Amino acid sequence: MALAQRSRNASLLAGGTLVGLVVLAALVSFGWTPHDPLRVEATDRLLGPTGRYVFGTDRFGRDVASQLLVGARSTLYVGVVAVGLAALVGTPLGILAGMSRRWLGEFVMRANDLVLAFPALLLAIMFGAVFGAGTLTAMIAIGIATVPSFARIARSGTLQVMSTEYVLAARAAGRSPAFIARRHVLPNIAGLVIVQCSVSFAIAVLAEAALSFLGFGTRPPTPSWGRMLQESQELLAVEPRLALIPGIAIALAVLGFNLLGDGLRDRFDPRLEAYR
Amino acid sequence: MRRKARCAAVLALLAVLSSCSAGSTATVSQDESTLSVGFTAEPENFDFTSTDGAAIPQALLYNVYESLVKVDARGRIKPLLAKSWTVSRDRTVYDFQLRPDATFSNGAKFTARDVKFSIERAKTDWTISLKSKMDVVDRVEVLGPTHARVVLSRPSNSWLFDMASRVGAMFSRTGVADLANKPVGTGPYVVADRRRGDSIVLPENPNYWGRKPAYRTVVLKYIADPTALNNALLSNEIDVISQITAPDSVPQFEADNRFRVIQGTTSGEVVLAYNNAKPPLDDVRVRRALTMAIDRKALLDTAWAGRGELIGSMVPPTDPWFEDLSGAYPHDPARAKRLLASAGKQNMSLRLRIANLPYAMSAAQVIESELSEIGVRVTIEPLDFPAVWLKEVFTDHDYDMSIVQHVEARDIVTFGDPDFYWGYHNPRVARLLEQADSGPPSRQAGTMRRVARQITADAAANWLFLFPNVIAAKTKVTGLVPNQVSESFDLTGVKPAR
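Residues numbered from 1 in each chain as written. Chains lettered and ligands numbered in written order. Predicted model: local features only at pLDDT ≥ 70, side-chain atom pairs only at ≥ 80, totals over all residues. Heavy atoms only, no water.

**Q** Whenever I open this one, the overall build of chain B confuses me. Can you help?
**A** Helices and strands together make up the secondary structure of chain B, namely 13 helices and 18 strands. Relative to the globule expectation of 23 Å for 498 residues, the C-alpha radius of gyration of chain B, 24 Å, shows essentially globular dimensions. Split into buried and exposed, the 498 residues of chain B put 56% on the buried side. For chain B, the proportion of contacts with a sequence separation of at least 24, taken over those separated by at least 6, is 71%. When the accessible surface of chain B is summed, it comes to about 19600 Å², and 51% of that surface belongs to carbon and sulfur atoms. In chain B, 60 side chains carry a positive charge and 56 a negative one; their mean positions are 2 Å apart. (Helix = DSSP H or I, 4+ residues; strand = E, 2+ residues; numbered from the N terminus. Rg over C-alpha atoms; globule rule 2.2 N^0.38 Å. Buried < 20%, exposed > 50% of the residue type's maximum accessible area, 1.4 Å probe, protein only. Contact = heavy atoms within 4.5 Å. Areas by Shrake-Rupley, 256 points an atom, 1.4 Å probe, with all protein chains shown as cover. Lys, Arg positive; Asp, Glu negative; His and termini not counted. Charge placed at Lys NZ, Arg CZ, Asp CG, Glu CD.)

Laid out in structure tokens, this is it:
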């Protein structure tokens, strides 16, 4: 039990640390970066790591470390907006499906299944083609594609809460559905939603990187980890460092959000210990 | 959940590594008589009479279709289906003596009637804008099976040169029913098979009138991603990369003795287009300021690894009227700032709407950085090329600045058309272009130089660099044309090394 407790804390700690580093990098970049991340310096092109440039420079002579710091902003920005959108739309839908009569709940969930059947990346590429590629369309598309996961989680949580005695008592006392949802359902499923946020954040980070890599995400010259990967593609044989650095950043961020989600889940739902 | 976290980490690492394996690693076993050439842009169909773009003539011109004359690697006009020709003293009548032994791939004999049919068809049935190059033709007369006469409505110094491009391609009177799928020409190759999104197979034309091609079959392989294209050559899937569009990857081929890198020139000017018809770029001071704010040498070094040439105007060195005007606007941000101040345009925001192609994406980021130093905010908007770019920038003129490569030969004439997308209107330039075309040939080069100087003085556009023709090929392949000055990727001289 003590071992499980330590392991749970380790997930939370490791995830929290990695996510904290990404957040810190984004926050620091608002006030300071070693160099201007957008400044092109032809004479400093493709320099290796030195005292002046910690991670070297890219083919435009731009500082990779500065780009990495500012790129964390794009990653978090897309994640926060996409996951926020998904949580704000998906959670109420899930609660509605869980609390309402059978046909309405079924309708909401089947509509959810329809969205779920559509691959997120394909949806984002379609949005990019119709509304123009950019961070905003990427965020909205990723957000829409993530709505079903929140709706499902919220619905299953709501169904459990709705069968509890205190909810039955509230209903017997003539409390309105809105009151029950606000007072009893939402606080009881908040933990599930927060865990889902963390897991979805990891997916959003990967999706943003993939979209920027494909040219449907963050527009140049705004630094983005996915675009850094894309721009380094043709230099793999000459300067693999340029692909490895943003690649490792993406991997660590995704790992961080997943571990954080894992740790939070254990924290919010200790019953899971029984399944270990 | 823990397993999920591990899976996510593995997936993320795969995202990193995915860029390492962009290309196919399949090895195609080929015999010595087959050549496989890789391209990035695939033809939509085979009908260049109704479909714009460079990919169709690149594959078919001189290889499947032939014209009366062709342009060699130095930009000189050479006989092809015409053995010889004479021009009347007033330069309006061209008498062509045709090859008597040429036949189309459908078995029909090539005669002067096909010349009349092809030129008249360009005037009536073609739909692409290039058909206007035949507007100067008054009529075509058939004086015998191998004697065709073309009468122009006025003298034109450029018409014969244009006849070496796609508008001069010769079609069979019985072979135009399905041009999009079944091209019928007199060239050394025929189209046998097409796998959309993959390849076109060109076996030799058994009835070809000229020297038999060294390779009995040529496979044109289409791989859109530049890195995947490079990998295809490295993994033995293809023999030649027609044009490397990832310039930083060239050293890996130069350092490998299995390959040969050939660098030549093209007629493709990479242009930062200014919308001359719309404020604030309708003001010549603003255009000049922007032009001198950009360090083109640095741009070439960073955006295209220093490969290419600075030209300073819309004329490549293979044109007879080339003059190096790259020093016309030396890089001088301080002067640019003063010029903008004198025009009252210190705080400008401009939309840079570019084709989403590698050279444009790279150049745009350098331009954004350099213009920010003189206080000009630039928003880069990559547009899907060709569809969206052609519609919004080229047709609707909805842009402030744009970047695209103009590949057509001698396209400086577009500055004489006020309706062209750069909205440039200088009656003097239009007059000079008219004089250069219809005046005495001896004065053509001098007059064209004046046109080039004038558009440079007006900073009508910013000619960033001339696109290089960088070919990578296995050392066993020789005879590749280093300079891409015609519209064709000319396969006729390609042969195995002895």
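**Q** What am I meant to see in a nonpolar patch on the surface here?
**A** All names here are of chain A. A cluster of nonpolar residues, Leu85, Leu88, Val89, Leu114, Val115, Leu136, Ile140 and Ile144, forms a patch on the protein surface that exposes about 690 Å² of accessible area. Relative to the elements of secondary structure, Val89 occurs in helix H2 (residues 64-99). Look at Val89 and you get partly exposed, because its relative accessible area is 35%. (Patch = residues over 30% accessible without salt bridge, like charges linked within 9 Å, V, L, I, M, F, W, Y side chains within 5 Å. Salt bridge = Lys/Arg side-chain N within 4 Å of Asp/Glu carboxyl O.)

**Q** Help me understand the packing of H2(A) against helix H7 (residues 177-214) of chain A in this model?
**A** Two quantities define a packed helix pair, namely the angle between the helix axes and the distance between the axes. Residue and element names in this part refer to chain A. Two elements in contact, H2 and H7, have axes whose closest approach is 8 Å; the angle formed by their N-to-C orientations is 145°. When you trace H2 past H7, the crossing you get is right-handed. Classifying every residue of the contact of H2 with H7 by side-chain character gives 18 nonpolar, five polar and one charged. (Axes fitted to C-alpha atoms, helices over the stretch in contact; angles between N-to-C directions. Left-handed = near helix turned anticlockwise from the far one by under 90°. Nonpolar A, V, L, I, M, F, W, Y, C, P; charged D, E, K, R; others polar.)

**Q** Whenever I open this one, the nonpolar core confuses me. Can you help?
**A** Residues and elements named next belong to chain B. Ranked by internal contacts, the top residues of the largest apolar core, which has 73 residues, are Leu290, Leu352, Leu371, Met401, Ile403, Phe415 and Trp422. Per element, the largest residue contribution to this core is eight residues, and it comes from helix H10 (residues 358-372). Dropping the residues within four chain positions of it, Leu371 is found in contact with Leu290, Ala293, Ile294, Val376, Val378 and Met401. By size, the runner-up hydrophobic cluster in this structure holds 69 residues, among which are Val64, Ala122, Ile128 and Tyr208. (Core = buried A, V, L, I, M, F, W, Y, C linked by side-chain atoms within 4.5 Å.)

**Q** Please clarify how the pairing of strand E16 (residues 461-474) of chain B should be interpreted in this entry.
**A** Two faces belong to every sheet, and in a regular strand the side chains alternate between them. Residues and elements named next belong to chain B. Among the 14 residues of E16, 14 are classified as buried, and the element is accordingly described as predominantly covered. In this structure, strand E11 (residues 240-241) lies alongside E16, joined through two bridges in antiparallel fashion. Its bridge partner being in E16, Ile241 is matched across the sheet by Ala472. Where strand E12 (residues 259-274) meets E16, twelve bridges bridge the pair, whose relative direction is antiparallel. Looking across to E16, one finds that Val270 is bridged to Phe465. (Pairing = 2+ DSSP bridges.)

**Q** Help me out: how do you make sense of the sheet that holds strand E6 (residues 137-144) of chain B in this one?
**A** Residues and elements named next belong to chain B. The four strands lie next to each other as E4-E5-E7-E6, forming an open sheet whose pairing is antiparallel. Each edge of the open sheet carries a strand with a single partner, namely strand E4 (82-87) and E6. Shown here is a sheet whose adjacent strand axes are inclined to one another by a mean of 20°, direction ignored. Sheet topology places strand E5 (residues 93-98) next to strand E7 (residues 147-152); five bridges connect them, and they run antiparallel. The partner of Tyr94 across the bridge, within E7, is Val150. Sheet contacts for helix H3 (residues 112-124): E5, E6 and E7; angle to E6, the most-contacted strand, approximately 165°.

**Q** Can you walk me through the domain arrangement of chain B in this structure?
**A** It is common to give the size of an interface as the accessible area lost on bringing the parts into contact. Residues and elements named next belong to chain B. When cut into domains, chain B gives domain 1 (2-60 + 187-265 + 470-496), domain 2 (69-168) and domain 3 (269-466). Together, Thr49, Trp209 and Glu487 form the three largest contributors to the area buried by domain 1 at its contact with domain 2, with a combined 42%. Of the charged contacts, one joins Lys70 and Asp490 as a salt bridge, the two residues approaching to 2.8 Å between their closest N and O atoms. The interface formed by domain 1 and domain 2 contains four residue pairs in polar contact (both at pLDDT 80 or more). (Domains from an automatic or database assignment. Buried area = accessible area lost by both parts, 1.4 Å probe. Polar contact = N/O pair within 3.5 Å; in protein donor to acceptor, adjacent residues only side chain to side chain.)

**Q** I'm lost on the pattern of salt bridges in this one. Help?
**A** A side chain with one charge can pair with a side chain of the opposite charge if their charged atoms come near. All names here are of chain B. Using the criterion set out here, one finds 43 salt bridges over all chains in the structure. Its salt-bridge partner being Asp256, residue Arg258 comes within 2.7 Å of it at the nearest N-O pair. Residue classification places Arg258 among the partly exposed residues on the basis of a relative accessible area of 43%. Taken together, the shared-partner salt bridges connect Arg351, Arg353, Glu381, Glu392 and Asp398 into one network.

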